[in-house]
Amino acid sequence: MSDQRWRVLGILAVLLLAGAVPARAQEDRRPAPRLESRLAPETVERLRAITERAERAGVPPELLRRKVSEGVSKGVTGTRLERAIEAYARRLEAARELAGHDLPPDVLAAAAEAAERGLPPDRIRAFLGANPNPLRAGVGLRALGELYEAGVPGGEAARGVNAALDRGMRGERLLALSAAVRRRVAAGEDPAAALRAEVDVRRGPVDARRPD
């Protein structure tokens, strides 16, 4: 195998595997042959540069590695993949600048997603300030972004999401609420009224284990 080929494999290993991993068999350290064959050396170089720049800006590299893997698994390669990862990195960098450097990776990704859906920066900041618990903040921001994109005003959406969280909704239950609101809106219902109705019909006991 040529020196260039080994160099490409090394770059892929850095990009697609965690930076610090336990010792394991050499074959576990190698990227999947499918990825090796579908990413050109110049694409690998560009992705590595994007990842390094974003990491210097405080973005956890695992978020970009995950997105690269998702893209390749969907058949996205070459310049399309480079553009998508560049855009995602920029959104993560902006979210980091907006929300600070102490957000867990999943919450940072949720903030970037909410911003992409059009949620104003002040709404993201306010929601994070009101929800310091990352278990609330991550899924809450995802739902908040979806609701805002569906037409629910930002303040109304934040109140609805916080009410749902206070009533014990978590994870898929909260995202199911958002999906139900979007279906109502698609059927012609007023977005804010649809949210109020869904929060009301999904009343449940408050999760006593929720940290304040």
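Residues numbered from 1 in each chain as written. Predicted model: local features only at pLDDT ≥ 70, side-chain atom pairs only at ≥ 80, totals over all residues. Heavy atoms only, no water.

**Q** Can you break down the overall build of the chain residue by residue, with the values?
**A** Per the secondary structure count, the chain includes 12 helices and 0 strands. The order of α-helices and β-strands along the chain, N terminus first, is α-α-α-α-α-α-α-α-α-α-α-α. Look at the contacts in the chain between residues 6 or more apart in sequence, and 67% of them connect residues 24 or more apart. Approximately 11000 Å² of the chain is accessible, and the part contributed by carbon and sulfur atoms is 51%. (Helix = DSSP H or I, 4+ residues; strand = E, 2+ residues; numbered from the N terminus. Contact = heavy atoms within 4.5 Å. Areas by Shrake-Rupley, 256 points an atom, 1.4 Å probe, with all protein chains shown as cover.)

**Q** Explain the nonpolar core to me, using residue names and the numbers behind them.
**A** Membership of the largest hydrophobic core comes to 50 residues, with the highest contact counts inside it found for Leu-92, Ile-124, Leu-141, Leu-144, Val-161 and Leu-174. Not counting chain neighbours up to four residues away, the residues in contact with Leu-144 comprise Leu-119, Phe-127, Gly-154, Ala-157, Ala-158 and Val-161. (Core = buried A, V, L, I, M, F, W, Y, C linked by side-chain atoms within 4.5 Å. Buried < 20%, exposed > 50% of the residue type's maximum accessible area, 1.4 Å probe, protein only.)

**Q** Give a description of the side chain of Ser-178 that names residues and reports values.
**A** Looking at where Ser-178 falls in the secondary structure, it is placed in helix 11 (residues 171-186). Take Ser-178: its relative accessible area is 0%, and that puts it in the buried class. For Ser-178, the contacting residues outside a window of four places in its chain are Ala-143, Glu-146 and Leu-147.

**Q** Tell me about helix 11, and name the residues and values.
**A** Taking 1.5 Å of rise per residue, the 16 residues of helix 11 would be expected to cover 22 Å, and the 23 Å separating its terminal C-alpha atoms lies within 8% of that figure. For helix 11, every residue scored as buried is listed here: Leu-174, Leu-175, Leu-177, Ser-178, Ala-180 and Val-181. Downstream of helix 11 by one or two residues, Gly-188 has phi in the positive range, about 105°. (Expected span 1.5 Å × (residues − 1).)

**Q** I'd like a rundown of the pattern of salt bridges, residues and numbers included.
**A** When their charged atoms lie close together, side chains carrying opposite charge are able to pair. Scanning all chains against the criterion turns up 17 salt bridges. Salt-bridge contacts for Arg-66 lead to Asp-106; the nearest nitrogen and oxygen are separated by 3.8 Å. Highlighted residues: Arg-66 in helix 5 (residues 61-73) and Asp-106 in helix 7 (residues 105-116), separated in sequence by 40 residues. The structure contains a network of salt bridges with shared partners spanning Arg-46, Arg-53, Glu-86, Arg-90 and Glu-93. (Salt bridge = Lys/Arg side-chain N within 4 Å of Asp/Glu carboxyl O.)

**Q** Describe the confidence of the model for the chain, listing the residues and the values that go with them.
**A** Here the chain shows a mean pLDDT of 80. Residues at 70 or above account for 77%. When mean pLDDT is taken per element in the chain, helix 7 scores highest with 94 and helix 2 (residues 26-29) scores lowest with 32. Contacts from residues 1-33, a stretch scored under 50 in pLDDT, to residues over four places away or in other chains number 44 contacts. This model gives residues 204-212 a pLDDT under 50, and the stretch forms 15 contacts once residues within four places in sequence are excluded. (pLDDT = per-residue confidence, 0-100.)

**Q** Describe in detail the packing of aromatic side chains, supporting the description with residues and values.
**A** Under the definition given, this model contains 0 aromatic pairs. It is Lys-67 that lies over the ring of Tyr-88; its NZ or CZ is 4.6 Å from the centre. (Phe/Tyr/Trp six-rings, centres within 6.5 Å; stacked < 30°, edge-to-face > 60°. Lys NZ or Arg CZ within 6 Å of the ring centre and 35° of its normal.)

**Q** So what about the packing of helix 8 (residues 121-130) against helix 9 (residues 134-149)? Which residues, and what values?
**A** Close contact between helix 8 and helix 9 brings their axes to 10 Å; oriented N to C, the two are set at 150°. The angle between helix 8 and helix 9 falls in the class roughly antiparallel. Considering only the axes of helix 8 and helix 9, their crossing is right-handed. Facing Ile-124, Phe-127 and Leu-128 of helix 8, the residues of helix 9 in contact are Arg-136, Ala-137, Gly-140, Leu-141 and Leu-144. Taken together, the residues of the contact of helix 8 with helix 9 break down into 6 nonpolar, 1 polar and 1 charged. (Axes fitted to C-alpha atoms, helices over the stretch in contact; angles between N-to-C directions. Parallel < 35°, antiparallel > 145°, perpendicular 65-115°, else oblique. Left-handed = near helix turned anticlockwise from the far one by under 90°. Nonpolar A, V, L, I, M, F, W, Y, C, P; charged D, E, K, R; others polar.)

**Q** Break down helix 8 for me, citing the residues and quoting the values.
**A** Among all positions of helix 8, only Ile-124, Phe-127 and Leu-128 are buried. Looking down the long axis of helix 8, one finds its buried residues gathered within 95° of arc, a one-sided arrangement. More than 90 degrees from the buried face of helix 8, the exposed residues found are Gly-129 and Ala-130. Contact partners of the buried residues in helix 8: helix 6 (78-99), helix 7, helix 9 and helix 10 (154-166). (Arc of directions from axis to C-beta.)

**Q** So what's going on with the side chain of Glu-86? Residues and values would help.
**A** Checked against the element boundaries, Glu-86 lands in helix 6. Once residues lying within four places of it in the same chain are set aside, the contact partners of Glu-86 are Arg-46, Ile-50 and Arg-53.

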